[in-house]
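Structural overview for review
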Amino acid sequence: MSAISVNVKTQYIATQSVPAEHKYVYAYTITIANQGEAPAQLISRHWRITDANDKLQEVQGMGVVGEQPHLQPGESYTYTSGVILETETGLMEGTYHMRTDEGAMFDAPIPTFALVPPYAVH
(Lines give C-alpha, C1' and ligand atoms only; values in the text may rest on other atoms or scores of the structure.)
Protein backbone atom coordinates (compact mmCIF):
# COMPACT_ATOMS: atom_id res chain seq x y z
CA MET A 1 0.00 0.00 0.00
CA SER A 2 1.01 3.59 -0.44
CA ALA A 3 1.84 5.65 2.61
CA ILE A 4 -0.24 8.81 2.28
CA SER A 5 0.29 11.70 4.68
CA VAL A 6 -2.21 14.52 5.11
CA ASN A 7 -1.23 17.97 6.41
CA VAL A 8 -3.91 20.58 7.18
CA LYS A 9 -3.82 24.35 7.72
CA THR A 10 -6.99 26.25 8.63
CA GLN A 11 -7.99 29.88 8.35
CA TYR A 12 -11.01 31.71 9.78
CA ILE A 13 -12.56 33.95 7.10
CA ALA A 14 -13.88 36.88 9.14
CA THR A 15 -14.96 38.85 6.05
CA GLN A 16 -17.43 36.10 5.05
CA SER A 17 -18.57 35.17 8.55
CA VAL A 18 -21.72 36.64 10.10
CA PRO A 19 -21.74 35.68 13.79
CA ALA A 20 -25.13 37.36 14.36
CA GLU A 21 -26.57 34.86 11.85
CA HIS A 22 -24.61 31.88 13.24
CA LYS A 23 -22.45 31.71 10.12
CA TYR A 24 -18.75 31.03 10.64
CA VAL A 25 -16.68 30.47 7.50
CA TYR A 26 -13.38 28.61 7.44
CA ALA A 27 -10.93 27.77 4.68
CA TYR A 28 -8.68 24.76 4.97
CA THR A 29 -5.63 23.98 2.88
CA ILE A 30 -4.66 20.34 2.64
CA THR A 31 -1.46 18.82 1.33
CA ILE A 32 -1.66 15.13 0.45
CA ALA A 33 1.76 13.52 0.06
CA ASN A 34 2.60 10.06 -1.27
CA GLN A 35 5.40 8.85 1.00
CA GLY A 36 5.10 5.27 -0.17
CA GLU A 37 6.71 3.32 -2.98
CA ALA A 38 3.66 2.92 -5.25
CA PRO A 39 1.65 5.50 -7.21
CA ALA A 40 -1.86 6.16 -5.91
CA GLN A 41 -4.90 8.17 -7.00
CA LEU A 42 -7.39 9.93 -4.75
CA ILE A 43 -10.81 8.63 -5.76
CA SER A 44 -13.21 10.09 -3.20
CA ARG A 45 -13.48 11.79 0.17
CA HIS A 46 -15.56 11.37 3.32
CA TRP A 47 -15.66 14.22 5.85
CA ARG A 48 -17.16 14.30 9.35
CA ILE A 49 -17.65 17.91 10.47
CA THR A 50 -18.85 18.55 14.02
CA ASP A 51 -19.73 21.97 15.39
CA ALA A 52 -19.62 23.09 19.04
CA ASN A 53 -23.23 21.91 19.50
CA ASP A 54 -22.20 18.37 18.40
CA LYS A 55 -24.17 18.79 15.18
CA LEU A 56 -22.60 16.44 12.64
CA GLN A 57 -22.36 17.09 8.89
CA GLU A 58 -21.11 14.27 6.71
CA VAL A 59 -19.80 15.09 3.25
CA GLN A 60 -18.97 12.41 0.71
CA GLY A 61 -18.06 12.83 -2.92
CA MET A 62 -15.74 12.06 -5.75
CA GLY A 63 -12.32 13.66 -5.70
CA VAL A 64 -11.43 16.99 -4.12
CA VAL A 65 -12.25 20.39 -5.63
CA GLY A 66 -13.30 18.60 -8.81
CA GLU A 67 -10.05 16.69 -9.21
CA GLN A 68 -8.79 13.16 -8.57
CA PRO A 69 -5.05 13.71 -8.20
CA HIS A 70 -2.69 10.87 -9.13
CA LEU A 71 0.44 10.94 -6.98
CA GLN A 72 3.70 9.27 -7.84
CA PRO A 73 5.95 8.31 -4.91
CA GLY A 74 7.40 11.51 -3.45
CA GLU A 75 4.75 13.75 -5.05
CA SER A 76 2.25 15.90 -3.20
CA TYR A 77 -0.97 17.71 -4.06
CA THR A 78 -2.30 20.81 -2.30
CA TYR A 79 -5.80 22.26 -2.48
CA THR A 80 -7.96 24.72 -0.56
CA SER A 81 -11.64 24.32 0.24
CA GLY A 82 -14.03 25.67 2.82
CA VAL A 83 -16.76 24.94 5.31
CA ILE A 84 -19.49 26.93 7.04
CA LEU A 85 -20.32 26.22 10.67
CA GLU A 86 -23.29 27.36 12.77
CA THR A 87 -20.99 27.73 15.79
CA GLU A 88 -17.74 29.60 16.25
CA THR A 89 -15.66 26.44 16.58
CA GLY A 90 -15.74 22.90 15.28
CA LEU A 91 -13.79 19.80 14.34
CA MET A 92 -13.19 18.05 11.03
CA GLU A 93 -11.85 14.58 10.26
CA GLY A 94 -12.25 12.05 7.53
CA THR A 95 -10.70 9.77 4.97
CA TYR A 96 -9.56 9.86 1.38
CA HIS A 97 -10.41 6.70 -0.56
CA MET A 98 -7.35 5.89 -2.64
CA ARG A 99 -6.50 3.41 -5.40
CA THR A 100 -3.08 2.12 -6.39
CA ASP A 101 -2.20 1.65 -10.05
CA GLU A 102 -2.63 -2.09 -9.47
CA GLY A 103 -6.25 -1.49 -8.43
CA ALA A 104 -5.89 -2.01 -4.67
CA MET A 105 -8.20 0.29 -2.71
CA PHE A 106 -7.32 1.78 0.68
CA ASP A 107 -8.30 4.65 2.94
CA ALA A 108 -5.89 7.42 3.94
CA PRO A 109 -7.02 8.94 7.24
CA ILE A 110 -7.38 12.70 7.58
CA PRO A 111 -6.40 13.51 11.17
CA THR A 112 -8.88 15.47 13.28
CA PHE A 113 -8.27 19.21 13.14
CA ALA A 114 -9.93 22.13 14.89
CA LEU A 115 -11.69 25.09 13.31
CA VAL A 116 -11.06 27.95 15.72
CA PRO A 117 -10.93 31.70 15.07
CA PRO A 118 -7.53 33.20 15.98
CA TYR A 119 -8.95 35.35 18.79
CA ALA A 120 -10.39 32.25 20.52
CA VAL A 121 -6.98 30.60 20.86
CA HIS A 122 -5.42 31.04 24.31
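First things first, this report covers the structure right here in the doc. (Residues numbered from 1 in each chain as written. Predicted model: local features only at pLDDT ≥ 70, side-chain atom pairs only at ≥ 80, totals over all residues. Heavy atoms only, no water.)

So, about the pattern of salt bridges. Throughout the structure, instances matching the rule amount to three salt bridges. Arg48 is the partner of Glu93 in a salt bridge, and the nearest nitrogen-oxygen pair spans 3.6 Å. Pair noted here: Glu93 is in strand β7 (residues 90-100) and Arg48 is in strand β3 (residues 40-51), with a separation of 45 residues, a long-range link. The class of Glu93 is partly exposed, set by a relative accessible area of 32%. Salt bridges here are not isolated pairs; linked through shared partners, they connect Arg48, Glu58 and Glu93. (Salt bridge = Lys/Arg side-chain N within 4 Å of Asp/Glu carboxyl O. Helix = DSSP H or I, 4+ residues; strand = E, 2+ residues; numbered from the N terminus. Buried < 20%, exposed > 50% of the residue type's maximum accessible area, 1.4 Å probe, protein only.)

This part takes up the pairing of strand β2 (residues 24-34). With nine of eleven residues buried, β2 is to be regarded as a mostly interior element. Bridging between strand β1 (residues 4-12) and β2 involves nine bridges; their strand directions are antiparallel. In the sheet register, Thr10 faces β2, and the bridge partner there is Tyr28. Note that β2 and strand β6 (residues 76-85) share ten bridges and pair antiparallel. (Pairing = 2+ DSSP bridges.)

Inspection of the entire model under this criterion finds six aromatic pairs. Plain terms: the ring middles of Trp47 and Phe113 are 6.0 Å apart, the flat faces sit at 90 degrees to each other, and that makes the pair edge-to-face. One end of the pair, Trp47, is in strand β3; the other, Phe113, is in strand β8 (residues 105-115), with 66 residues separating them in the sequence. The class of Trp47 is buried, set by a relative accessible area of 1%. Classification of Phe113 as buried rests on a relative accessible area of 9%. Aromatic pair Tyr77 and Tyr79: ring centres 6.1 Å apart, planes at 35 degrees, arrangement tilted. The pair Tyr77 / Tyr79 is uniform in exposure class, with both members buried. (Phe/Tyr/Trp six-rings, centres within 6.5 Å; stacked < 30°, edge-to-face > 60°.)

Looking now at the nonpolar core. Judged by nonpolar contacts, the single largest core of 26 residues is most densely connected at Ile32, Trp47, Tyr79 and Tyr96. Where this core is concerned, the elements lending two or more residues are β1, β2, β3, β6, β7 and β8. Apart from residues no more than four positions distant in its own chain, Trp47 is found in contact with Tyr28, Ile30, Gln57, Glu58, Val59, Tyr79, Met92, Glu93, Gly94, Tyr96, Ile110 and Phe113. (Core = buried A, V, L, I, M, F, W, Y, C linked by side-chain atoms within 4.5 Å. Contact = heavy atoms within 4.5 Å.)

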